[in-house]
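Below are the chains, spelled out letter by letter.
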Amino acid sequence: MNIIVCVKHIPDPNLPGVMDGFRLKREGVQGVLDPGDEFGVEAGLRLKEELGGEVTLVSMGPAQAQEALRRGLSMGADKAVLISDDSLRGADALVTARVLAAAIKRGAFDLVIAGVESTDGYTGTMPATLAELLGVPQLTFTTAIEVSDGRLRVRRQSADGYQVVECSFPCVMTVTAGVNEPRYASFKGIMAAKKKPFEQLSTSELEVEPDALKPGQEVVEVSLVEQRKAGEVLPDDGQGAVRIATFLKEAKVI
Amino acid sequence: MDLDLSSEQQEFQKMMRSFVDDAIRPHAESWDRDGELPMDAVAQMAGLGLFGLVFPEEYGGSGAELLTLCLAIEEIARVDSSLAITLEAAVGLGAMPILRFGTEGQKAKWLPSLAAGAALAGFGLTEPDGGSDAGATRTTARLGDDGRWVVNGSKAFITNSGTPITSFVTITAITGERDGRKEISAIIIPNGTPGFEIGRPYQKMGWHHSDTHELAFNDCRVPEENLLGARGEGFKNFLRILDDGRIAIAALAVGLAQGCVDESLSYVHGRSAFGRSIGTFQALQFKIADMALKTDLARQSFYRAAWLKEQGRSYRKEAAMAKLYASEIAVEVARDAVQIHGGYGYIEEFAVCRHYRDAKILEIGEGTSEIMRLLIARELGLPEG
């Protein structure tokens, strides 16, 4: 089975984000493999261990993004492709999907795995767009995965429970955090990653129209999230429990 | 001069840090209270290949440098000294003598499971009546008429000797006399051999969930081929192994000290007295600065010793210096961390309490501070007393 896992190199979410105009500064800051993508890599590796085949990582990003790909290779992926091009700075989710689709179409694939959304941009629209561009079905928000009789069958997280959905290959699948427990890279894996095939491409090496690489989205304003306000302190006059329950109901928690 | 770790070592260190935070930190306190080696944690460490790091790939290892193993030990010791010493002793005392002095047959038989972390082994040198003094060895091994060693005696404080996956203990024993002196050889005793009894675990001051036992041998018979290394070389060979072990113990001590610095930093940020954060008091700032200083110097000293080894240069003195300095500052730094924590430092919910108990043994195990000073003095050319 040819498994593609889309991964993203993002600024370390544990450090304060640095802005570069209306964009998140990506170059020269400490980056990591998007923690959400670790679940995708793990899902790919488990399917490969079960069914055989190959796991290929695909990413779009600055040259520094190869760190994220190395991390995935250390975990056990077989090879990696990085599409890196100055013209892609400020690409939106649609452009990203077009670039990844073009890269994925260069070879045969059975399954494309992605996280539900990135931990920096959070648009969550890329995987669905990618499935449309590849012309294959998509299974999203998966929390459990199995393959039987040559079909992919997943549990799909919904607001009030889960749905069981299945489809044939090839397809796109997005995984939630919690679908598995990503493995740690061993030292052997880290050493082996150095020797695995690593391909870096520019957009000119992909079959994609130059116009399709221009972002259609324009960021007109960026503002900071409102600082969290101090909580409300209610002295317990015997009605404490009721007031807490009312508060939680208003917050739609219970 | 290049003081950087390789990019692979840096990545490995990061991975170790997140593994320790996720899989060890949440349990360290309760493991310590239970006082039993947590075998599921050992299995997770084995899954990461930690027990095989420095062994050749032909035995299932990763062929890494000693420093890489030290990085793993340091990261674990920031949080849990018992598991750090379990790894250190498994590699340095259990498996390494087989790699260094074993026959091809012995290596093929024992190393793959040890490197995989599927089995553990111990080394028995110390006896109830003597540790640092080789001449005090009383355990005997007589080659019987049936071509088997008959072992009698006892060993004390043997790490990893009684775990559910311990496969053998290598012991030193008197096998005869040569030029009027005791001839000491190393012999492999598989666990389960009749006459080999594993005593109850010790009630230790620290290292509570590291597995340590007294061992007794009563007419315990093993095949002649279980001799490890040349006959009469048992003690000498063991001393050669200890140089590497000292670098690893220094790494463990540095990890403990760093753990104390980290805990103290986070504590002083959160605690207030006299209307302000206690982190603003110079008295505590100076204390923490000194703790960090000592920790960093100790780290440089074990890095240097490991580097000298990798360069194929002499490192005995530097290894002894690293072990001596790192273990002594670990005790000091842990004591200061408890002081910074005040009353909370004296209760078990705070990690520094455990770190303080765990620190002391570092000045004793794998060569006492006194032996380290003697060794350094010898390396400086000073005469034997």
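As a further point, take the overall build of chain A. Check the secondary structure of chain A and you find six helices and 13 strands. Seen along its three principal axes, the alpha-carbon backbone of chain A occupies a region of about 70 × 50 × 40 Å. Out of the 254 residues belonging to chain A, those deemed buried represent 41%. Within chain A, contacts between residues at least 6 apart in sequence are counted, and of these 70% link residues at least 24 apart.

All right, on to helix 1 (residues 35-51) of chain A then. Residue and element names in this part refer to chain A. Its 17 residues give helix 1 an end-to-end C-alpha distance of 25 Å, which sits within 8% of 24 Å, the value for a rise of 1.5 Å per residue. Those residues of helix 1 not exposed but buried are Gly36, Asp37, Glu38, Phe39, Gly40, Val41, Glu42, Ala43, Gly44, Leu45 and Leu47. The distance from a side-chain oxygen at the start of helix 1 to the backbone nitrogen of Gly36 is 2.9 Å, and the residue carrying that oxygen is Asp34.

Here we come to unusual backbone geometry. Residues and elements named next belong to chain A. The omega torsion across Phe169 and Pro170 is -5 degrees, close enough to zero to call that bond cis. Mapped onto the fold, Pro170 is located in the loop between strand 11 (161-168) and strand 12 (171-175). Although it is not a glycine, Tyr122 adopts a positive phi angle of roughly 60 degrees. In this fold, Tyr122 is placed in the loop between strand 8 (111-115) and helix 4 (126-134). With a phi close to 60 degrees, Lys252 is a non-glycine residue in the positive phi region. Mapped onto the elements of the fold, Lys252 is located in the segment after helix 6 (240-250). We classify Lys252 as exposed; its relative accessible area is 73%.

Bringing the nonpolar core into the picture now. All names here are of chain B. One finds Leu50, Ile76, Leu87 and Phe302 to be the most contacted residues of the largest nonpolar core, which totals 100 residues. Element by element, the count of residues in this core is highest for helix 7 (residues 234-270), at 15 residues. For Ile76, the residues in contact, after removing those within four places along its chain, are Met16, Val20, Ile24, Met45, Leu50, Leu83, Ala84 and Leu87.

Right, let's get into the confidence of the model for chain B. For chain B, per-residue confidence averages 95 on the pLDDT scale, and 99% of positions sit at 70 or higher. Two numbers describe this predicted complex: its pTM, 0.89, and its ipTM, 0.83.

Further remarks concern the packing of aromatic side chains. Residue and element names in this part refer to chain B. Enumeration according to the criterion identifies 10 aromatic pairs over all chains in this entry. Here Phe123 and Phe238 contribute two aromatic rings whose centre-to-centre distance is 4.0 Å and whose plane-to-plane angle is 20 degrees, an arrangement assigned as stacked. In this pair, Phe123 is assigned in strand 1 (residues 120-124) and Phe238 in helix 7, connecting sequence segments 115 residues apart. Pair check on accessibility: Phe123 and Phe238 agree, each one buried. Arranged with centres 6.2 Å apart and planes meeting at 85 degrees, the rings of Tyr267 and Phe350 form a pair that is edge-to-face. Taken as a pair, Tyr267 in helix 7 and Phe350 in the loop between helix 9 (316-341) and helix 10 (351-359) lie far apart in primary sequence, 83 residues in all. Connected via pairs of aromatic rings, a cluster forms that spans Tyr267, Tyr344 and Phe350.

Residues and elements named next belong to chain B. Here the structure, examined in full by the defined rule, presents five cavities of 30 Å³ or more. Looking at the largest cavity, its volume works out to about 80 Å³. What lines the largest cavity is Val54, Leu66, Leu69, Glu88, Val91, Gly92, Met96, Ile241, Asp244, Gly245 and Ala248. Secondary-structure elements contributing two or more residues to the lining of the largest cavity are helix 4 (66-77), helix 5 (81-101) and helix 7.

Conventions and cut-offs
- Residues numbered from 1 in each chain as written.
- Chains lettered and ligands numbered in written order.
- Predicted model: local features only at pLDDT ≥ 70, side-chain atom pairs only at ≥ 80, totals over all residues.
- Heavy atoms only, no water.
- Helix = DSSP H or I, 4+ residues; strand = E, 2+ residues; numbered from the N terminus.
- Buried < 20%, exposed > 50% of the residue type's maximum accessible area, 1.4 Å probe, protein only.
- Contact = heavy atoms within 4.5 Å.
- Expected span 1.5 Å × (residues − 1).
- Polar contact = N/O pair within 3.5 Å; in protein donor to acceptor, adjacent residues only side chain to side chain.
- Core = buried A, V, L, I, M, F, W, Y, C linked by side-chain atoms within 4.5 Å.
- pLDDT = per-residue confidence, 0-100.
- Phe/Tyr/Trp six-rings, centres within 6.5 Å; stacked < 30°, edge-to-face > 60°.
- 1 Å grid on protein atoms, 1.4 Å probe; cavity = no way out; pocket = protein on both sides within 12 Å on 5 of 7 lines; lining within 4 Å.
- Points joined across faces, edges and corners; volume = space filled by probe spheres on them.

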